[in-house]
Every structure is written in C-alpha cells, then in structure tokens.
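Architecture at a glance
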Amino acid sequence: LHRTENSSETVYGGYWTGEWILGSVRRRGNRYQARWRSPSGEDRSCSRDTRQEALAACKRGEVGMSNRPPTVIYPYRAGHDPSVAAFAARWLPEHALSERSRGTYSRVIMKRILPELGSEPLAAVTAADARALLRQLEAAGCSGPVVQQVRVVGSSLWASALEDGLVQANVWRGQKITARSPGRPMRILTAEEWVRLHEALPPKWRLMVTCLLFSGMRWSECQGLQPGDIIGDVIHIRRVRDEFGVRGWTKSGKHRAVQIDHELAEQLKAIPGEWCFQSRTGTVLRVNNWRRYIWQPSCERAGITGLRVHDLRHTSASWLLQGGASLQIVKERLGHASISTTSRYLHTLPGAGQQAIDAFNKIMDQ
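Residues numbered from 1 in each chain as written. Predicted model: local features only at pLDDT ≥ 70, side-chain atom pairs only at ≥ 80, totals over all residues. Heavy atoms only, no water.

1. What to know about the packing of helix H4 (residues 127-139) against helix H5 (residues 144-163)
Short version of the rule: Between N-to-C directions, angles span 0 to 180 degrees; the directions come from axes that are lines fitted to C-alpha atoms, helices contributing only their stretch in contact. Where helices and strands are cited, they refer to DSSP runs of H or I of at least four residues and of E of at least two residues respectively, numbered from the N terminus. By definition in this entry, angles of less than 35 degrees are roughly parallel, angles greater than 145 are roughly antiparallel, angles of 65 to 115 are roughly perpendicular, and the rest are oblique. In this scheme, a crossing is called left-handed if the near helix is turned counterclockwise away from the far one by less than a right angle; it is called right-handed if the turn is clockwise. We call two residues in contact when some of their heavy atoms are within 4.5 Å. In this classification, Asp, Glu, Lys and Arg are treated as charged, Ala, Val, Leu, Ile, Met, Phe, Trp, Tyr, Cys and Pro as nonpolar, and every other residue, Gly included, as polar.
Packing of H4 against H5 brings their axes to within 10 Å, and their N-to-C directions diverge by 160°. Between H4 and H5, the crossing angle belongs to the class labelled roughly antiparallel. As H4 runs across H5, the sense of the crossing is right-handed. Of the residues in H5, those touching H4 at Leu134, Leu137 and Glu138 are Val147, Val150 and Arg151. Looking at the contact of H4 with H5 residue by residue, the classes come out as four nonpolar, no polar and two charged.

2. Describing the packing of helix H7 (residues 203-215) against helix H11 (residues 311-322)
Orientation of H7 relative to H11, taken along the N-to-C sense of each, is 45°, at an axis distance of 7 Å. In terms of orientation, H7 lies oblique with respect to H11. Of the residues in H11, those touching H7 at Val209, Leu212, Leu213, Phe214 and Ser215 are Leu312, Thr315, Ser316 and Trp319. Grouping the constituent residues of the contact of H7 with H11 by class yields six nonpolar, three polar and no charged.

3. Regarding the nonpolar core
Just so we agree on the cut-off: Take the buried residues of types Ala, Val, Leu, Ile, Met, Phe, Trp, Tyr and Cys, join any two whose side-chain atoms come within 4.5 Å, and each joined set is a nonpolar core. Only protein chains enter the calculation, and the probe is 1.4 Å; a residue is then buried if its accessible area is under 20% of its type maximum, exposed if over 50%, and partly exposed in between.
Counting residues in each nonpolar core, the largest one holds 36 residues, and the members touching the most others are Leu197, Leu225, Ile235, Leu268, Phe277, Trp290 and Trp295. If you list the elements that add at least two residues to this core, you get helix H6 (191-200), H7, helix H8 (219-223), strand E7 (234-237), helix H9 (262-269) and helix H10 (287-302). Take this core: its biggest share by element is six residues, from H7. The residues contacting Trp295, other than those within four sequence positions of it, are Leu197, Val209, Trp290, Leu307, Arg308, Val309 and Leu312. Core analysis: the next-biggest nonpolar cluster, separate from the first, contains 29 residues, Phe87, Tyr105, Ile109 and Trp172 among them.

Laid out in structure tokens, this is it:
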C-alpha cells in the first residue's frame, strides 16, 4: 500500500479489479472528511472525529464494507478513547454468540484479559502488549488450549473495534502460541469392561449409557433426544440440549440419522415424557454433576480407571472400525465434519502397530 502524507491530507492507493483507486482524508473544521470510490464506481464520503477514524472508514468503503456508525454509543470524547473494559462491557452482550460461547467469552475476558489490559485505552494497546500477555499466560503454566482461547477472544474483540473505527489494527492477529499440551489419550473399552460397567451402573441410567455407546452420540445430543426422534430403528439427531437451552442443530450444523438395534429403539420409544433423559426434577442433566455422582462411582465399582463419558463415543467409533465398517460410514454415523477426524481412530484397532511393521518387512524382503 503506497501512502503519501502532508499536514492536511493523507492519500493512499490500492488496486481493485484492475483499476487504481484513491482515497483521501481532509480536515474540515473540527472534523475529518473521508472520500473514496466504492467497488461499484460510486464516489462516497463521510466525516469522522479523528484522522484515524476517517482513514479507517475510507479503507472499508473502498472494499465495500459498511461505514454505518456503530449502533452502540461509547462513552468517550474526542481525544479520550474508551478503555478495553468499557468497550468489552458493551461489545459482549450484542456480539453474535450462542449462550454457551457467551459464557466462555465472558470468563476469558474477566479472568485473562481485563486484569492486564482492562484499564488501558483501547487504541493504545499494541501488538507487543497482546504478545506479552500471551507469554505471561504461558509462563504461568496455562495450557495451549487456554492461551489459544485468549487469542481467539481478543482477536474477536479487536476485530469489532476495528470495524467501528476505534482502533487501527487487530493486535491479536498473527500472534504465535508456544505452549503446547498433548491431547489426552483415548480410552477404548473392551467388551469385557463394558459388561462390568453396565452391571455397575444404577438401573435407571443403563439405558442412557447404552444409547451413548451404541449410537455414538455426543452428551448434548443425547440430552436433546425425544421419543419421537426414533422412527423405526433409526435415531434422528436433530438438536442439542444443555444448561444453556435447546438448539436445533448439532456441532457440525447438520442433522443425521443413526440406525440402532431394534430392542434399544423400542426401549427409547417407550420412554414417557418430552425428553428421553432428564434429572429427577425434570431439568436437563449437567454432565459434571452426573459424572461426579453416577459415572465415577460406577467406574470404581467396575474396576475401570481413566474412563471419561466422552470415551463412550470413542469406543463406538473404534468398535465400528474393528467390526469392518468403513471410515465413511463411521464419519457419517458420528457426524464428523471431516474424515480426517474419523481417521484418528485407526490407531485404536487391535494389531495396528504390528500391521505397520509387517508392511515395512514386506518391502524389505522384496
């Protein structure tokens, strides 16, 4: 991007669909006027309080982005930028997020970002400040996913500020994360362990755990299951349900159909009420509470260690592959967005390591 500057005007040039287009910023009294040519060839203009805001409006206009004033009135005057805390307090409630994600964003902002940057003027925060915060979190022992979460939330916050003309750049973009956390290994049940676990579970919960294992559903998908979703021997997975409410889509954004055993299907269809599985008081089951009071004691009685509730889904995928199902079938059954996700289960197959060694030996013996 080529820039020329003097005391009264900033002019920059860009290339758009084969034509050079120029935008300019000029001082007009106590304000700054931005003028540009839109991608459709129309000359446009607007006025802003500062040169930086006018230049940002000019840039956005040339690539066809909206230059409407922000819908939220921020409490600042010319020369007094809003603080990070003030902007975040107004940004979070109106940002397009699910309630679950909104809760996560709120915790990250309150616990990780505001203690270090909350009192700083939004426009004064630099890329070095963002980088220093990430390094500080890594030095404090935060895991890679936690640091990544901070970068994602910070980048989303500054992207909105950039769109509103309050900052000149997204200081979180391109920041590197050095902390790495190895993923927790999958725990695959054996058939004998499954029999022990099934017997150790309270009778009330055996059907739900069986459904989780043999359908491969996620916890929230299972909580959103209704008797009417079972048609014939097929479960139609159409929604998720958790403490944040009911949403008419799954993690991949698509509905899917999963065929199950006839006996299991009949048991699910015979459940009275709106939801197949719920708490004693008729509310949604919270996985943390259920894990603490039902799952972990049952695993201890069965003599099984290191087994998470989500490992039932891993076991379902591994058993399908062991039984000869193709990767594509397992992908569609579990609702994976990419087959590369499904391929992670290949290493869980019995004898997978020996098959690799035999393949090498076959080549060497030629």
